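Listed here are the chains, written in short residue letters.
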Amino acid sequence: MNKIILFILLLAISFLFFGELLFSNKTFVYRDIHLLVYPGKLFATSCIRDGFLPFWNPYILCGSPFMAIPYHQVLYPLSILVYSLPFAFGIDLFFFLHILLAGLFFYLLMRDQGLSSGSSLFASLSYTFSGIFLSTGAIMATTLTATWTPILLLLYLRSLKMQSIKYALLSGLVVAVQFLSGTPDYVCLDLGLLFLLTMNWIVYKKSLFPIKSFVLLVLAGIGLCLFQILPFLEFVFLSDRMGGLSFSEVSLWSLGLYEILNIFIPLGTAIPSDGYILPYIGQKMTTSFYMGILPIILAISAPFWIKRRFVLFWTAAAIFSLCLSAGKYLPIYPFFYKYLPGFSMLRDPVKAMHLFSLSASILAGFGFNRLFSKDITKRLILFLFFYLFLHLLFSHTNILFKIGNGLHLPYRVIIEEVFFWKYFVAGNCLKVSAILLGYSLLFYLIYKAKIQRSLGLSAIIILTIFDLYTFNGRLSYLINEDFYKEEPKIAKNLKNGRFFSPATAKKMVKHIGGKSTLEDFILSKEVLYGNMGMAFGLYNVGGYEGIYLKDFNSLTENIPTRVLLKIMGVQDILLFGDEEIVSYKNQDSVPRPLFVKGKRVIQDRKSILEYMKSSGFDPEKEVILEEEPKEFQNAKCKMQNAKCKIIKYEPNRIVIDVDAPNDGFLFLSDTYYPGWRAYVDGQKTKIYRADYYFRAVQIKEGRHIVEFKYLPKTFIIGLIGSLLSGIMVLVLFLCTEKATVLTKNLLALHGI
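Cut-offs and rules
Residues numbered from 1 in each chain as written. Predicted model: local features only at pLDDT ≥ 70, side-chain atom pairs only at ≥ 80, totals over all residues. Heavy atoms only, no water. Helix = DSSP H or I, 4+ residues; strand = E, 2+ residues; numbered from the N terminus. Rg over C-alpha atoms; globule rule 2.2 N^0.38 Å. Contact = heavy atoms within 4.5 Å. Areas by Shrake-Rupley, 256 points an atom, 1.4 Å probe, with all protein chains shown as cover. Core = buried A, V, L, I, M, F, W, Y, C linked by side-chain atoms within 4.5 Å. Buried < 20%, exposed > 50% of the residue type's maximum accessible area, 1.4 Å probe, protein only. pLDDT = per-residue confidence, 0-100. Polar contact = N/O pair within 3.5 Å; in protein donor to acceptor, adjacent residues only side chain to side chain. Pairing = 2+ DSSP bridges. Axes fitted to C-alpha atoms, helices over the stretch in contact; angles between N-to-C directions. Expected span 1.5 Å × (residues − 1). Salt bridge = Lys/Arg side-chain N within 4 Å of Asp/Glu carboxyl O. 1 Å grid on protein atoms, 1.4 Å probe; cavity = no way out; pocket = protein on both sides within 12 Å on 5 of 7 lines; lining within 4 Å. Points joined across faces, edges and corners; volume = space filled by probe spheres on them. Nonpolar A, V, L, I, M, F, W, Y, C, P; charged D, E, K, R; others polar. Parallel < 35°, antiparallel > 145°, perpendicular 65-115°, else oblique. Phe/Tyr/Trp six-rings, centres within 6.5 Å; stacked < 30°, edge-to-face > 60°.

Considering the overall build of the protein chain
No. 1: A tally of regular secondary structure across the protein chain gives 27 helices and 21 strands.
No. 2: For a compact globule of 752 residues, the expected C-alpha radius of gyration is about 27 Å, and the protein chain comes in at 29 Å, within 12% of that figure.
No. 3: In terms of its C-alpha atoms, the protein chain occupies a principal-axis envelope of roughly 105 × 80 × 50 Å.
No. 4: When contacts within the protein chain are restricted to residue pairs at least 6 apart in sequence, long-range pairs at least 24 apart make up 77% of them.
No. 5: For the protein chain, the exposed area adds up to about 32000 Å²; of that, 63% sits on carbon and sulfur atoms.

Right, dumping it as C-alpha cells:
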C-alpha cells in the first residue's frame, strides 16, 4: 500500500471519529477534561504566552507545584500546538494528531514484523480505534502516552534483532517523550513489557546483548527527561503516595470479572447519555473495551494458527495484562502490591488494559495475515448464533436486572434506566450479529471466488471501520467551547480572595448520580467543581490533583474547619441555597499575608497539630515554627497596627509591602515547599515552615519589601543533567553510526 494513500486513509478515518472537533466549535468536557485538564492547560498557556514557565500553581490547595506533575504536559513537545494556536482549537488538534500518530505508528510496527499492508492496517485500526484507547481520552494523558507505545516497541525490537545500540538510544528518546506526555503509570507498564521481552529474547538468542540494550534504553530515557523526573520525584517524596497507598485506594478501579465480557459484548456495562456513551456499572475509568468483533476473534485464533515464539509471547502478554487489570479480584495484583517495590504507589489496575489492547491488536494483525489460508466462515457463523442467543437472553429475561442488583448499581438508579440498559445491551448484541453476518458473507464470497480477493479485503476493512465507529465513535462528550469562556454567576463575588466550597462534592455526586449531561457540566462550572475556578482566575483552598501533598492531607484531616479557614485566609464560603449557589463572607478570616509578633517553637510535628486544635492557639498572635530562629525574642511592647499589602501575586513570584511596628514574622498562608526563596529588601532570608504547612520569614521593625521567588533546584539540576545526557546520547549515536559504516566498508573491501 502506497504510504501516501495509507496516510490519507488513516487521516480520513480519524476525521470520521473526531472531525467534529476540528470543524465545529465543540471541544472536550467529560471527566478529568473539565475538572483538571482544561483549567490546567489554560493556566499553562497563559504563563507560556506571558514568557515564563508555570512552575507553581497558586490557584488551588494554597499553592501547589504545577510543572513538576507530568500530567500537565507543560514541556511535552507537542504541547506547542496548544500554546501557539487558538486555545480550544489547539487542544482539539493536539488530541486529533495523537489519534493519527497512533494509527501510523502501529501500522509501521506491524509492517516491520513482516505483515502485509492490509494486515498492518487492520491491526492499526484495532488498536487506535479500540474502546480501550479512545475512552481514556476522557483523561487525555493516557491516550497521549499510549500513542507512543507502538513506535517504542518497533525501535526496541529493531535494537534486539539487529543488536543495534542506535535503536536502543532512539527507544530511550521515545521513553522520555512518553514520560513528558503525562502518564508515568503507562511508562512503567511499557518498561515492564520491554523487560519481559528482553528476558524472552535472552532465552531465545542465548545472548546478553538484550540486557545491554534495555539498560541503555532506560538510562537514555531517564537522562533525557531528568528536568521533569527530578521535580516529579521531589513532589512524590512529599506526597501522599510516599510510603504507599492503602490497597483499597490502589485497587479502586479494578476490572470486575464480569467486565471482561465487554471485550465481546460492546458497552455491556455502559449506557448512552445525550448521544454519548458513559460508564454505568463497574470501574469508571475506561468506558469501552471493545476492539471490534473480527479483531478479537482473530486475536484468539492466532495462537492456534501460528506457532511462532513472537505470537506466543503476545498471547501470554494479553493474558497477563487481563489478570493484572482484575486488581483485587485476582491474586496477582495483591502479590505485586505486597512484594514489588514502588508498586503500592500506583493506582487503578484497569490501566493494564493498555497492554491488552496492544497485545491483542498485534495478535489480530498476525491472524489477519493468515486469514485467507484459513476457512473461518463457520467460526463466524457460530459466533453469529451466539450473539443472537445473547440478544434473546437479554431482551426476554431479567438477567440484567439480577446482574445490576448483584453489583449494587451506584448512586441513584431508577427502574427506567435499568430497562434502558437492558435493551441497550441487547441491541448491541443484535448489531454485532448483523456485522458478523456481513463478515460471513464476505468470506464466503472470497473463498468461492465470487469477488476478487483485493476487493473483499477492502470490504472487510470498511466493515471493521463501521464496526468500531458504531460502538466507539461517541465515547467522548463534547460541548460548545464557550462553556469555558463564560464566567459562572458566582465568580464576580470571588475576585479578591480565596474561597471554600464544603458541599460541592456532595452536591455534585447527589445531582449527577453517576451520569453526565449538559446540565451536569453547567452545574459543575457554576459550583466551581474541581479546578474550574482556575479557568477564571479564582483561588480555591481545595482543588483537584491526582497526587496531594502529605502535609496538606494531614492538616485538613486533623484541624477543625473553622481554624483552617481562618489560617488559610478564606474570605468566601460557598453554600447551596434553595435554587442557586451563594457566597458568604468569612468574618473570622485573617489576611493572607499577616504580621505576627509572637512565635512558638514545637519540633514534634504531631504535637503541632495537637496544639493547633487547642483553644490556646491564635494564629493572629503567634506563629508555630519547627526550629528556633536566630536573634529573636517575642516582642513585649504593645502591639500596634501592622500593614501587609500584596503588591504582586504571580505564579512564581510574590511581592509584599510590610510595615512592621516591631520585630516579628511575616506569615504567608501559602504552601511551604522546597524551591521557594525569600528576600527582605533584596537580602536573602530563611523561609520557616509555619503552622505546620505554611511559610513565614523573620522581619525587623520598620517598612520592608518582602519577595518570594520559586525556581526549583531540582529543575535546574535536571535540566543540566538532561543537556549532558543529550550530548552523551548524541555522541554515542554518532560514534555507533560511524562504526557501522566503517564495518560495512571493511566487509565490502574484502568482498564479504
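Observations regarding the nonpolar core
No. 1: By size, the foremost hydrophobic cluster in this structure holds 250 residues, and its most contacted members are Ile293, Trp314, Phe356, Ile362, Leu555 and Phe708.
No. 2: The element that contributes the greatest number of residues to this core is helix H4 (residues 87-112), accounting for 16 residues.
No. 3: Beyond its immediate sequence surroundings of up to four residues, Phe708 is in contact with Asn652, Arg653, Ile654, Ile656, Leu666, Leu668, Trp676, Arg677, Ala678, Ile687, Arg695 and Val697.

What to know about the confidence of the model for the protein chain
Any segment with low pLDDT has predicted coordinates that should not be analysed in fine detail.
No. 1: Per-residue confidence for the protein chain gives a mean pLDDT of 87; residues scoring 70 or more make up 91%.
No. 2: Ignoring residues within four places in sequence, the model shows residues 508-514, a span with pLDDT below 50, making 17 contacts including any to other chains.

As for the side chain of Ser669
No. 1: Structurally, Ser669 is set in the loop between strand S16 (664-668) and strand S17 (676-680).
No. 2: In terms of polar contacts, Ser669 uses its side chain to reach the backbone carbonyl oxygen of Met568, at 3.5 Å.
No. 3: In this structure Ser669 touches Cys62, Arg498, Ile567, Met568, Gly569, Arg592 and Phe694, once residues within four positions along its chain are discounted.

Comments concerning the sheet that holds strand S18 (residues 683-685)
No. 1: One open sheet accounts for five strands, arranged S14-S15-S21-S17-S18; its pairing is antiparallel. Unpaired on one side and paired on the other, strand S14 (643-650) and S18 mark the two borders of the sheet. The sheet shows a mean angle of 25° between the axes of neighbouring strands, direction not considered.
No. 2: The sheet contact formed by S17 and strand S21 (residues 702-710) spans five bridges and is antiparallel.

Comments concerning helix H10 (residues 184-205)
No. 1: Over its 22 residues, H10 runs 31 Å from end to end, which matches the ideal 32 Å to within 8%, given 1.5 Å per residue.
No. 2: Within the span of H10, buried status applies to Pro184, Asp185, Tyr186, Val187, Leu189, Asp190, Leu193, Leu194, Leu197, Thr198, Trp201 and Ile202.
No. 3: Where H10 terminates, the next one or two residues include Lys206, which has phi positive at roughly 55°.

Side note on the pattern of salt bridges
No. 1: Applying the stated criterion to the full structure yields 22 salt bridges.
No. 2: Of the charged contacts in the structure, one is a salt bridge between Lys566 and Asp588, with a shortest N-O distance of 3.9 Å. Here Asp588 lies in the loop between strand S10 (581-585) and strand S11 (593-596) and Lys566 lies in helix H25 (residues 561-567), a separation of 22 residues in the sequence.
No. 3: By relative accessible area, Lys566 is classed as buried at 13%.
No. 4: Take Asp588: its relative accessible area is 31%, and that puts it in the partly exposed class.
No. 5: Residue Glu627 is joined to Lys686 by a salt bridge in which the shortest nitrogen-to-oxygen separation is 3.4 Å. Within this pair, whereas Glu627 is found in the loop between strand S13 (622-625) and S14, its partner Lys686 is found in the loop between S18 and strand S19 (688-690), the two being separated by 59 residues in sequence.
No. 6: Using a relative accessible area of 37% as the deciding quantity, one classes Glu627 as partly exposed.
No. 7: Look at Lys686 and you get partly exposed, because its relative accessible area is 38%.
No. 8: Because the salt bridges share partners, they merge into one network encompassing Asp551, Arg605, Glu626 and Arg689.

Considering unusual backbone geometry
No. 1: Its identity is not glycine, yet Leu528 carries a phi of approximately 55°, on the positive side.
No. 2: Here Leu528 lies in the loop between helix H23 (518-526) and strand S8 (539-540).
No. 3: Its identity as a non-glycine residue notwithstanding, Asp691 has a phi of 50°, on the positive side.

What to know about empty space enclosed by the protein
No. 1: Enumeration over the complete set of coordinates arrives at seven cavities of 30 Å³ or more.
No. 2: As a volume, the largest cavity reaches approximately 90 Å³.
No. 3: Phe17, Phe18, Glu20, Leu21, Leu134, Tyr276, Asn472, Gly473, Arg474, Leu475, Ser476 and Leu478 are the residues that line the largest cavity.
No. 4: No other element matches helix H1 (residues 3-22), which puts four residues into the lining of the largest cavity.
No. 5: Here the lining of the largest cavity is composed, by residue class, of seven nonpolar, three polar and two charged.

So, the sheet that holds S10
No. 1: The mixed open sheet is built from four strands, whose spatial order is S8-S7-S9-S10. Looking at which strands have only one partner, the edges of the open sheet turn out to be S8 and S10.
No. 2: In this structure, strand S9 (residues 570-576) lies alongside S10, joined through five bridges in antiparallel fashion. Paired with Ile573 across the bridge in S10 is Tyr584.

Quick look at the packing of helix H11 (residues 209-224) against helix H12 (residues 226-237)
No. 1: One can describe the packing of H11 onto H12 by two numbers: an axis separation of 5 Å at closest approach and a directional angle of 80°. Judged on the interaxial angle alone, H12 and H11 are roughly perpendicular. Facing Ile222, Gly223 and Leu224 of H11, the residues of H12 in contact are Leu226, Phe227 and Ile229.
No. 2: By residue class, the composition of the contact of H11 with H12 is five nonpolar, one polar and no charged.

Re the packing of aromatic side chains
No. 1: Applying the stated criterion across every chain yields a total of 45 aromatic pairs.
No. 2: Relative to Tyr649, the ring of Tyr539 lies with its centre 5.7 Å away and its plane at 75°, an arrangement referred to as edge-to-face. You can see Tyr539 sitting in strand S8 and its partner Tyr649 sitting in strand S14, a full 110 residues away along the chain. Both residues of the pair, Tyr539 and Tyr649, count as buried.

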